[in-house]
Amino acid sequence: MKDPQLRAYAPFVGPFDPCPPVAIRTYLVPPQLFIPFQPMGWPQYSPAEALRLGTLWPALYSPYTPARSKGRKVEVDGT
């Protein structure tokens, strides 16, 4: 499934560019850009879930994975 928040573009690569070219660059578009106001009766997370995710409304949730942690194994409880 394609992530609707992930966008990509192909940057310009000059003929005399000294660095190796990056074929595709990606960036995330925040979901609040497409929601002009908060309608009445929107579904909500529970208070504990909202604190864990950082938002009360599922439509505004945007997962964040730091670039440094991609591909690394996350240790839980020191194991």
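Along each chain, numbering runs from 1 in the same order as the chain's sequence is written. Residues qualify for local features only when their pLDDT is at least 70, as the model is predicted, and side-chain atom pairs are given and counted only at 80 or more; totals for whole chains, interfaces and linings, by contrast, use all residues. Remark: hydrogens and water are excluded; side-chain values derive from all non-hydrogen atoms of the structure.

**Examining the overall build of the protein**
Logical step 1: Secondary structure counts use DSSP, requiring at least four H or I residues in a row for a helix and at least two E residues in a row for a strand, with both numbered from the N terminus. Assigned secondary structure in the protein consists of one helix and two strands.
Logical step 2: When the elements of the protein are put in sequence order from the N terminus, they spell out β-β-α.
Logical step 3: When a residue's accessible area, from a 1.4 Å probe over protein chains only, is under 20% of the maximum for its type it is buried; when over 50% it is exposed; and in between it is partly exposed. Relative to its 79 residues, the protein shows a buried fraction of 10%.
Logical step 4: Contact criterion: two residues are considered in contact whenever any of their non-hydrogen atoms come within 4.5 Å of each other. Partitioning the contacts of the protein with sequence separation of at least 6, the portion at a separation of at least 24 is 26%.
Logical step 5: Working note: accessible area of the protein is about 7300 Å², and carbon and sulfur atoms make up 61% of it. Method for areas: the Shrake-Rupley scheme with a 1.4 Å probe, in which residue coverage is limited to the protein chains shown.

**Digging into the side chain of Gln-5**
Logical step 1: Following the sequence through the fold, Gln-5 ends up in the segment before β1 (6-9).
Logical step 2: Judged by relative accessible area, which is 14%, Gln-5 ranks as buried.
Logical step 3: The term polar contact refers here to a pair of N or O atoms within 3.5 Å; inside protein, the definition further demands a hydrogen-donor-capable atom paired with an acceptor-capable atom, and it admits residues adjacent in sequence only when both atoms are side-chain atoms. Side chain to side chain, Gln-5 and Ser-62 meet in a polar contact 2.8 Å long.
Logical step 4: Ignoring sequence-local partners within four residues, the contact set of Gln-5 consists of Tyr-27, Leu-28, Val-29, Pro-31, Tyr-61, Ser-62 and Pro-63.

**Here's the deal with the environment of Phe-12**
Logical step 1: With respect to the helices, strands and loops of the structure, Phe-12 is situated in the loop between β1 and β2 (25-28).
Logical step 2: Overall, Phe-12 belongs to the exposed group, its relative accessible area being 74%.
Logical step 3: Separated by ten residues in sequence, Phe-12 and Val-22 place their C-alpha atoms 9.1 Å apart.

**With respect to the packing of aromatic side chains**
Given two aromatic rings, their pairing is described by the distance between the two centres and the angle made by the two planes.
Logical step 1: Pairing of aromatic rings covers Phe, Tyr and the six-membered ring of Trp, with a centre-to-centre limit of 6.5 Å; geometry is then stacked below 30 degrees between planes, edge-to-face above 60, and tilted otherwise. Evaluated as defined, the whole model comprises two aromatic pairs.
Logical step 2: Seen in terms of ring centroids, Tyr-9 and Tyr-27 are 6.1 Å apart; in terms of plane orientation they differ by 55°. Their pairing is tilted. Here the residue Tyr-9 occupies a position in strand β1, and Tyr-27 occupies one in strand β2, the gap between them amounting to 18 residues.
Logical step 3: Judged by relative accessible area, which is 41%, Tyr-27 ranks as partly exposed.

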